[in-house]
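One letter stands for each residue in the lines below.
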Amino acid sequence: MLEVEDLHVAYGESWIVQGMSLRVADGQIAAVLGRNGVGKTTLIHAIAGLNPPRRGRVLLNGEEISRLPAHEIARRGVGLVPQGRRVFPSLDIREHLVVGARSGNGRGWDATRVLGLFPRLRERLSHRAGKLSGGAQAMVAAGRALVGNADILLMDEPSEGLAPLLVRELGRILLDLKRGGASILLVEQNLAFALRVADHVYLMSKGRIVHECAPDDLRRDDATKSRWLGV
Amino acid sequence: MTFWAIQTLNGVSFGMLLFLLAAGLSLIFGLMKILNLAHGSYYALGTYVALSVVGWTGSFLLAAVAGMATVVVLGILMERVFLRRLPREELPQALLTFGFLLIVGDVSLWIWGGTPQTLPKPEVFAHSVRLGPLIFPSYRLFVIALGAVVGLALWFLQERTRLGAMLRAAIDDADIARATGINVSLLSTGVFAFGAALAALGGIVGGPLLGVYPGADFEILLLAFVVVIIGGLGSLKGAFFGGLLVGLLDNFGKALFPQAAMFTIFAPMAIILAVRPSGLFGAR
Amino acid sequence: MKRTLGIATGVAVLVLLPLALSSYQLGLATKMLIFALFAMSLNLILGYAGLPSLGHAAYFGVGAYTVGLLAVRVVDNFWLDFGAGLLAAGVTSALFGLLALRAQGAYLLMITLALAQVLWGIAFGWRWLTGGDDGLPGVPRPGAGLPWSLSSGPSFYYFVLVVFVVATVALWVVVRSPFGVALVGIRESERRMQVLGYNTWLYKYVAFVLAGLIAGVSGNLFVYYNGFVSPAYLSIVFSAMALIMVILGGAGTLLGPALGSAAIVLLENVISASTERWLTVLGLIYVVVTMFAPAGIMGWWLLTWGAPIRPPIPPNARSTPAKPGRSSIPGQAPRSRYGASALKIDGLSHDFGGLRALDAVSFEVAEGERLVILGPNGAGKTTLFNLVTGLFPPTVGRIALFGRDVTRLAPHRRARLGLGRTFQITTLFPRLTVLESVLLAVQGADRARFTLHRPLAAFPRLFARAERLLEEWLLAERRDVLTRQLSYGEQRQLELLLALAAEPRVLLLDEPTAGLSPAETASVAGMIRRFPRDVTILLIEHDMDVALELAERLIVFHNGRVVTAGPRDEIRKDARVAEIYLGIDEA
């Protein structure tokens, strides 16, 4: 589904991502874990086209998208749920679902279906997103990406700032999406949450992948966890 | 009574013209953070072109279209070829757009000469209308109506359409808007061209009332600045109410206190700056 | 040495010019000097302080009109007229500065333009006073009140030259003074300067008025030169011309604008002789310079000859070491002059629109304590710091520094009371060197910081302190490197050093190890451990290791609330903390 090959991404004059390679298989959830500041968001932004890589490639279903403009990448089926949600404060919930809407690849997401997934949003369709709670904003951000009918979702620390109950809920939703055929690249600091939903785990440090394994393996591997995640 | 009514009408119609200019300026700034000093050129050039076309064809409508089209082309050229390549800082943008202001102004002087000229009113509005004891030129009423219609249309476009939502999203967070599939680059050029067209429309519609002459571009630019300072840069409501306010103040000022020069506009501007620097409807 | 020779040669050439030029050419040279002064005055606020103004001609024109009107209508006395012109320009810039400096960026451009246009409108509209569009002719060359007449070409030229040299020297002194260097700091990072204790508004205002005064001088000279004054002197064309002269010559260099004005005056002269389309050419110059040569002539020159554009801090200014400053020996007992409380937060809540970022946060920090604030992203930690630093006022609650209520005090005032801070996003001076940055920080805590009339080099104690700090914290070898060329790790170190240089009593460190490699993290953590014992330290950390290593006490934040607080060993074992961080299954 998604392949990242030897990616090098800079931010200003410093290299943040220094030769990363990973894959997200069709219909799977891949998680990238690492401490604060290792470059996880830079990686996501590079794939989404917001910060084009200086070297390396990103392939979506075999097609290179590395240096396309961000809106082109979105149209080709990459959906972004950014860190901190970043909803549009002047738009109401309904408009969020309109602005990102795109049909045609048969996944069948539309505003109605999103509202079915997040019924709490139904009562507040005309509320401006800037005034919503963190949890509601998380739902709006996810919905905004979903109506684009993306082939792959990029999710940057979606559990951040959410109450434990909502984090559970989020985990269930991700598994539901996966069952529906979605592929997800998940970047997280919340280890337990990531391990619960991922099919494959990558550990990142200083802009590189330093370890990869199945979630169960990592659960048992205290040495690796402590070395790269400081747990 | 007649005096007040006429002055109010004049002030409101002038205010509508200011709204058209300020709306374009504000839209462009809101999305692209560009302060476009050449906005005054769009106003004047559109009018000059319309003047020529009306001379050749006799059709006000055709002249209006031609004037707006010329300015749209100029705007797109400025945005795509020049402004896009500049760093996103106020000063280089101001200097570049000011350079265009100078060039267009001087070339216009060369082509159309220095004598003040006015556009002829369209035939259909050449008469006056009687409302009770008062007699108003119908053209002024047309200008007011046009301004109100454009204002409503802009509001509707911005608040109730998908395009408007995309625009507001791009203003809120351009990067995430892009990642949501919105072509912010195309939107920017479109907004720039649209803002230019509005300025030209203001000039053409104002042509029969204010005329066009060397220096008109500076004068109207300055008034547009005062409108957005008072109303708030980036706000459509601010452009509308600010425009009305400035139009009325300027008109009554000239009528009642001709010696006060620019103080009638200066005073409220200074008050706003002292009390609420971001303008009446500007973002805090 | 080379520089002095160059200046001496330049002055000699200027003095000898009347012998070599025809009277027409001399007139042109005179005009160049006048406009050079005008452009250099704009450069003070634009190039040095970073304030873009589209209305600088206001002060030029006010000076010119005052002199003209007095000389023609009232009394032709040089001292009276010139003095009045200066006063008028100064008063105008003092008034306009109060309004204009409430804005930044695009707003500042618009407001300065609008203010100048008001004056233009008066000059244009009040025909009875100013002659309106026709202007005011018949202004005589200075003579009355002076021992000799200045009406001849050469004598007027020398008069202008003298004024030019005097004003340039004055500018040179200001630009090399602590005040001038602070202006550059404000241009590079106003926020950083505020938390270092500088009242940035005051600096900008004084620079604004000074620039207005010098613009007034050039306006005075111009009306004498032309014998005539008209509304054009107040117009946007004049203001914008000053701008392009500054940019073309090189903003932020002392003499660049002079070169730019000479070029423009010469071009205008040459081109106006062969075509009427000078304004079109001028417009093209604007377009070409902004697109292709934004650093101007001086920028090109300095680039070719290898030197970056920097403020005039003499590279070899050293002197006798000052008496030793604060002790950095770890382990010394904290001095407690004001009692136990260094910082007290009481019921602090803050809303951003509908979102409650902080909710009823209360805690107290004792003097000399090391307190770490722990919590995941989005927990409200940086908002807390922003409120404590004073970047904006809280919705509800009180903040007290050493018992004094500072809740609504401006950031620079809190810095003066001893509050220092580093930022999560590095807030440094990109185009200044390490030494220059530390000097600014040291200066901020010193009485000398508002000195206008003596060069920075005359304060050896500042250099001594800066050098000592660099030595002590191991950045001495990088002292001449531009900040933006440092590695990210070095920049974080510099960020810490700047905060420390301001001699704070309470230091807020916002994620100092963010984005650092393990080695750099250890280095920075080590640095923090060596900070003077009597400095109270509040640290935001995301990294559990560093937090537990540096803390004596911890407060854990989540969703804007304090979840728990206590000594390190307790928190380390607290299950709630583990859950917040690691999302450990409750099941």
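Computed from a predicted structure; not experimentally measured.

**Describing the overall build of chain A**
Here is step 1 of the chain: Each helix and strand counted, chain A has 9 helices and 10 strands in total.
Here is step 2 of the chain: For chain A, the C-alpha radius of gyration of 17 Å lies close to 17 Å, the compact-globule estimate for 231 residues.
Here is step 3 of the chain: For chain A, the spread of C-alpha atoms along the three principal axes comes to 45 × 35 × 35 Å.
Here is step 4 of the chain: Of the contacts formed within chain A by residues at least 6 apart in sequence, a portion of 69% connects residues at least 24 apart.

**Structural notes on the environment of Arg55 of chain A**
Residue and element names in this part refer to chain A.
Here is step 1 of the chain: Turning to its location among the elements, Arg55 is positioned in strand β4 (residues 55-60).
Here is step 2 of the chain: Look at Arg55 and you get partly exposed, because 15 C-beta atoms sit within 10 Å.
Here is step 3 of the chain: Excluding residues within four positions of it along the chain, Arg55 makes contact with Asp6 and His8.

**Quick notes on the packing of helix α2 (residues 39-57) of chain B against helix α8 (residues 184-210) of chain B**
Residue and element names in this part refer to chain B.
Here is step 1 of the chain: Packing of α2 against α8 brings their axes to within 7 Å, and their N-to-C directions diverge by 50 degrees. Considered as vectors, α2 and α8 are oriented oblique to each other. The two elements α2 and α8 meet at a crossing, and its hand is right-handed. For the pair α2 and α8, the contacting residues are His39, Tyr42, Tyr43, Ala44, Gly46, Thr47 and Ala50 in the first and Ala196, Ala199, Ala200, Gly202, Gly203, Ile204 and Gly207 in the second.
Here is step 2 of the chain: Looking at the contact of α2 with α8, its residues break down into 8 nonpolar, 6 polar and no charged.

**Considerations on the environment of Arg191 of chain C**
Here is step 1 of the chain: By the secondary structure assignment, Arg191 of chain C is in helix α9 (residues 190-195).
Here is step 2 of the chain: In this structure the C-alpha to C-alpha distance between Arg191 of chain C and Thr395 of chain C, which are 204 residues apart in sequence, comes to 22 Å.

**Some remarks on the domain arrangement of chain A**
All names here are of chain A.
Here is step 1 of the chain: Split into domains, chain A comes out as domain 1 (2-77 + 151-229) and domain 2 (92-150).
Here is step 2 of the chain: Distance between the C-alpha centres of domain 1 and domain 2: 22 Å.
Here is step 3 of the chain: Taken together, the 12 residues of domain 1 in the interface contact 10 residues of domain 2.
Here is step 4 of the chain: Listed by contribution, the elements that provide at least two residues to the side of domain 1 that touches domain 2 are α2 (70-75), β7 (152-156) and α6 (164-179).

**Digging into the sheet that holds strand β2 (residues 14-24) of chain A**
Residue and element names in this part refer to chain A.
Here is step 1 of the chain: Read across the open sheet, the 4 strands follow the order β2-β1-β4-β5; overall the sheet is antiparallel. Of all strands in the sheet, those with a lone pairing partner are β2 and β5 (63-64), marking the two edges.
Here is step 2 of the chain: In terms of strand pairing, β4 meets β5 through 2 bridges, oriented antiparallel. Its bridge partner lying in β5, Leu60 is registered against Glu63.
Here is step 3 of the chain: The sheet contacts of helix α1 (residues 40-48) involve β1 (2-11), β2 and β4, and relative to β1 the element is tilted by about 115 degrees.

**Considering the nonpolar core**
Here is step 1 of the chain: Judged by nonpolar contacts, the single largest core of 369 residues is most densely connected at Ile244 and Val438 of chain C.
Here is step 2 of the chain: Broken down by element, this core gets its largest block of residues, 16 residues, from helix α1 (residues 2-32) of chain B.
Here is step 3 of the chain: Look past the residues within four positions of Val438 of chain C in its chain and what remains in contact with it is Ala466, Leu469, Leu470, Leu497, Leu498 and Ala501 of chain C.

**A few points about the interface of chain C and chain B**
Here is step 1 of the chain: On the chain B side, the residues contacting the 35 residues of chain C number 35 residues.
Here is step 2 of the chain: The set of elements that each furnish at least two residues to the side of chain C that touches chain B consists of α5 (105-125), α11 (236-249) and α13 (278-292) of chain C.
Here is step 3 of the chain: If you tally residues by element for the side of chain C that touches chain B, the top one is α5 of chain C, at 13 residues.
Here is step 4 of the chain: Its residues placed into classes, the side of chain C that touches chain B shows 26 nonpolar, 7 polar and 2 charged.

**Some thoughts on the environment of Arg124 of chain A**
Here is step 1 of the chain: Inspection of the secondary structure puts Arg124 of chain A in the loop between α4 (111-117) and α5 (134-146).
Here is step 2 of the chain: Between the C-alpha atom of Arg124 of chain A and that of Ala136 of chain A, which follows or precedes it by 12 residues, the distance is 9.7 Å.

**Notes on unusual backbone geometry**
Residues and elements named next belong to chain A.
Here is step 1 of the chain: With a phi angle near 45 degrees, Asp6 is a residue other than glycine that sits in the positive phi range.
Here is step 2 of the chain: Inspection of the secondary structure puts Asp6 in strand β1.
Here is step 3 of the chain: Its identity as a non-glycine residue notwithstanding, Arg86 has a phi of 50 degrees, on the positive side.
Here is step 4 of the chain: Residue class for Arg86 comes out buried when judged on the 20 C-beta atoms lying within 10 Å of it.

**Concerning the confidence of the model for chain B**
When pLDDT drops low, the exact placement of atoms in the prediction is not to be read closely.
Here is step 1 of the chain: A residue-level look at chain B finds 99% of positions with pLDDT of 70 or above and a mean pLDDT of 90.
Here is step 2 of the chain: Scored as a whole, the predicted complex attains pTM 0.86, and scored at its interfaces, ipTM 0.90.

**Details of the pairing of strand β3 (residues 341-352) of chain C**
All names here are of chain C.
Here is step 1 of the chain: Sheet topology note: the β3/strand β4 (residues 355-366) ladder contains 8 bridges and is antiparallel. Residue Leu348 lies in a different strand from β4, and its bridge partner there is Val361.
Here is step 2 of the chain: Here 5 bridges tie β3 to strand β6 (residues 396-401), and the two strands are oriented antiparallel to one another. Its bridge partner being in β6, Leu343 is matched across the sheet by Leu401.

**Points about the packing of helix α2 (residues 23-48) of chain C against α11 of chain C**
Residue and element names in this part refer to chain C.
Here is step 1 of the chain: Between α2 and α11, whose axes approach to 9 Å, the crossing angle comes to 75 degrees. If you check the angle between α2 and α11, you find them roughly perpendicular. Seen from α2, the contacting residues are Phe35, Phe38, Ala39, Leu42, Asn43, Leu46 and Gly47; seen from α11, they are Ala242, Leu243, Met245, Val246 and Gly249.
Here is step 2 of the chain: Tallied by class, residues from the contact of α2 with α11 come to 9 nonpolar, 3 polar and no charged.

Cut-off values and rules
Residues numbered from 1 in each chain as written. Chains lettered and ligands numbered in written order. Predicted model: local features only at pLDDT ≥ 70, side-chain atom pairs only at ≥ 80, totals over all residues. Helix = DSSP H or I, 4+ residues; strand = E, 2+ residues; numbered from the N terminus. Rg over C-alpha atoms; globule rule 2.2 N^0.38 Å. Contact = placed C-beta atoms within 7 Å. Buried ≥ 20, exposed ≤ 12 C-beta atoms within 10 Å, placed from the backbone. Axes fitted to C-alpha atoms, helices over the stretch in contact; angles between N-to-C directions. Parallel < 35°, antiparallel > 145°, perpendicular 65-115°, else oblique. Left-handed = near helix turned anticlockwise from the far one by under 90°. Nonpolar A, V, L, I, M, F, W, Y, C, P; charged D, E, K, R; others polar. Domains from an automatic or database assignment. Pairing = 2+ DSSP bridges. Core = buried A, V, L, I, M, F, W, Y, C linked by C-beta atoms within 7 Å. pLDDT = per-residue confidence, 0-100.

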